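Here are the chains, one letter per residue:
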Amino acid sequence: MTPFSRAALCVVALSVILAAGGAARAGPAPSLFPLPVGAEWVRVNDDGTESISRVVGTKMIKERRCTVVERRTTGRERERTTRTCYLVTASDVLVLETTNPRGELVVLNPPRVALRLPPRAGLSWSWSPADVPFAFKVAEKWIGEETVRVKAGTFRAWKLQSITTGEDSEITAFTWYAPGVGAVRTERKGHRGDRQISGWSELVRYKIP
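Within each chain, residue numbers correspond to sequence positions counted from 1 in written order. With the structure being a predicted model, the display of local features is reserved for residues of pLDDT at least 70 and the display and counting of side-chain atom pairs for 80 or more, all residues being used for whole-chain, interface and lining totals. Hydrogens and water are ignored here; the side-chain numbers use all heavy atoms of the structure.

> Lay out the overall build of the protein chain with the relevant residues and their values.
Only DSSP runs of H or I with at least four residues qualify as helices, and only runs of E with at least two residues qualify as strands; both kinds are numbered from the N terminus onward. A tally of regular secondary structure across the protein chain gives one helix and twelve strands. Should any heavy atoms of two residues lie within 4.5 Å, those residues are counted as being in contact. Expressed as a percentage of contacts within the protein chain between residues at least 6 apart in sequence, the contacts between residues at least 24 apart total 43%.

Shown next, in the form of structure tokens:
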């Protein structure tokens, strides 16, 4: 894997959180992370940008087939497209590959557990990349079920806490996953060096074939 800077790893971790909706149909029904080809989620972000995530197909990575979600973010006269490839098992949603801030596709070592399934309050896990020269960790935990109201509607959703830490940064994010829909809202707050980080993203509309 191409070496990352500390800031780049934080961006990648957050991009993985925001990229798509949840687990594929092989998981619990209804799924918290539906990934049928053709599914689409449109989200607005606190900075005025809009992102559209689409399930575009599958690919092989190291003899494992994963599902590709393409995310296009537009606004501020800029456009950025990223890709993340998810592998779903009976108990996990794994990130095998994602786009780094330089626009390069990188295979994660080891794969990152994005979700543990089925959700249960207090269930926790963590991930650290094996090939970076500094301490970096993403610690995640299911908090519980809450009712969330966003532009796309009102949902009963599972709340996930994600704490991303590096040598000079710590960012806490909360993401709400609604059964049959995926991620409906994300909030984040923390710091990267002396810079304070905060923001949110919420679902505007979606299509699940």
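> Give a detailed account of the state of the cysteines, specifying residues and quantitative values.
Pairs of cysteine sulfur atoms within 2.5 Å are what we label disulfides. Overall, the coordinates contain one disulfide when judged by the stated rule. For Cys 66, the disulfide goes to Cys 85, at an S-S distance of 2.0 Å. Across the S-S bond of Cys 66 and Cys 85 the torsion is about 100°, and the bridge reads as right-handed. Here the residue Cys 66 occupies a position in strand S3 (residues 64-75), and Cys 85 occupies one in strand S4 (residues 78-88), the gap between them amounting to 19 residues. As far as the burial class goes, Cys 66 and Cys 85 line up, both buried. Burial here depends on accessible area, computed with a 1.4 Å probe over protein chains only, as a share of the maximum for the residue type. Under 20% is buried, over 50% is exposed, and the range in between is partly exposed.

> Lay out the pairing of strand S1 (residues 40-45) in plain terms, naming residues and giving numbers.
In terms of burial, S1 is a largely internal element, six of the six residues being buried. By the alternation rule, side chains of S1 split into Glu 40, Val 42 and Val 44 and Trp 41, Arg 43 and Asn 45, which are all buried. When DSSP locates at least two bridges between a pair of strands, those strands are taken to pair. Linking two consecutive strands that pair antiparallel, namely S1 and strand S2 (residues 50-61), is a turn of four residues; a positive phi of about 90° is found at Gly 48 within it.

> How would you explain the environment of Arg 149 if you had to name every residue and give the values?
You can see Arg 149 is positioned in strand S8 (residues 137-150). A relative accessible area of 70% places Arg 149 in the exposed class. Between N or O atoms, a polar contact is any pair within 3.5 Å; within protein, one atom must be a potential hydrogen donor and the other a potential acceptor, and residues adjacent in sequence are included only when both atoms are from side chains. Within the structure, Arg 149 has its side chain in polar contact with the side chain of Thr 154 (distance 3.4 Å).

> Provide a residue-level description of the nonpolar core, including the pertinent values.
Here the nonpolar core consists of buried residues drawn from Ala, Val, Leu, Ile, Met, Phe, Trp, Tyr and Cys, with membership extended through side-chain atoms lying within 4.5 Å. By size, the foremost hydrophobic cluster in this structure holds 45 residues, and its most contacted members are Leu 115, Trp 142, Tyr 177 and Val 184. The biggest single contributor to this core is strand S6 (residues 105-116), with five residues.

> Would you mind going over the sheet that holds S6 in detail, with residue names and values included?
In spatial order, the strands read S6-S5-S4-S3-S2-S1-S12-S11-S10-S9-S8-S7; together these twelve strands make up an open sheet with antiparallel pairing. Of all strands in the sheet, those bounded by a partner on one side alone are S6 and strand S7 (124-127). Neighbouring strand axes in the sheet, compared pairwise and without regard to direction, differ in orientation by 30° on average. Pairing of S8 with strand S9 (residues 153-166) involves 13 bridges; the strand directions are antiparallel. Note on definitions: angles span 0 to 180 degrees between N-to-C directions of axes, and those axes are lines fitted to C-alpha atoms, for helices only across the stretch in contact.

> Explain unusual backbone geometry residue by residue, including any values.
With an omega of -5°, the peptide bond running from Asn 109 to Pro 110 counts as cis. Put simply, Leu 117 and Pro 118 share a cis peptide bond, and its omega is -10°. Of note, Glu 63 is a non-glycine position whose phi angle comes to about 65°, a positive value. Mapped onto the elements, Glu 63 comes out in the loop between S2 and S3. Owing to a relative accessible area of 76%, Glu 63 belongs among the exposed residues under this scheme.

> If you had to explain the packing of aromatic side chains to someone new, which residues and values would you point to?
Stacked, edge-to-face and tilted labels apply to pairs of Phe, Tyr and Trp rings (six-membered ring for Trp) whose centres lie within 6.5 Å, assigned for plane angles under 30 degrees, over 60, and everything in between, in that order. Using the criterion set out here, one finds seven aromatic pairs in the structure. Taken together, a centroid distance of 6.0 Å and an interplanar angle of 75° make the contact between Trp 142 and Trp 158 edge-to-face. Here Trp 142, found in strand S8, pairs with Trp 158, found in strand S9; they are 16 residues apart in sequence, far enough to count as distant. No difference in accessibility class separates Trp 142 from Trp 158, as the two residues are buried. Members of the aromatic cluster, each reached through a chain of ring pairs, are Phe 33, Tyr 86, Trp 125, Trp 142, Trp 158 and Tyr 177. As a reminder, the over-ring test applies to NZ of lysine and CZ of arginine, requiring each to be within 6 Å of the ring centre and within 35 degrees of the ring normal. It is Lys 159 that lies over the ring of Phe 174; its NZ or CZ is 4.5 Å from the centre.

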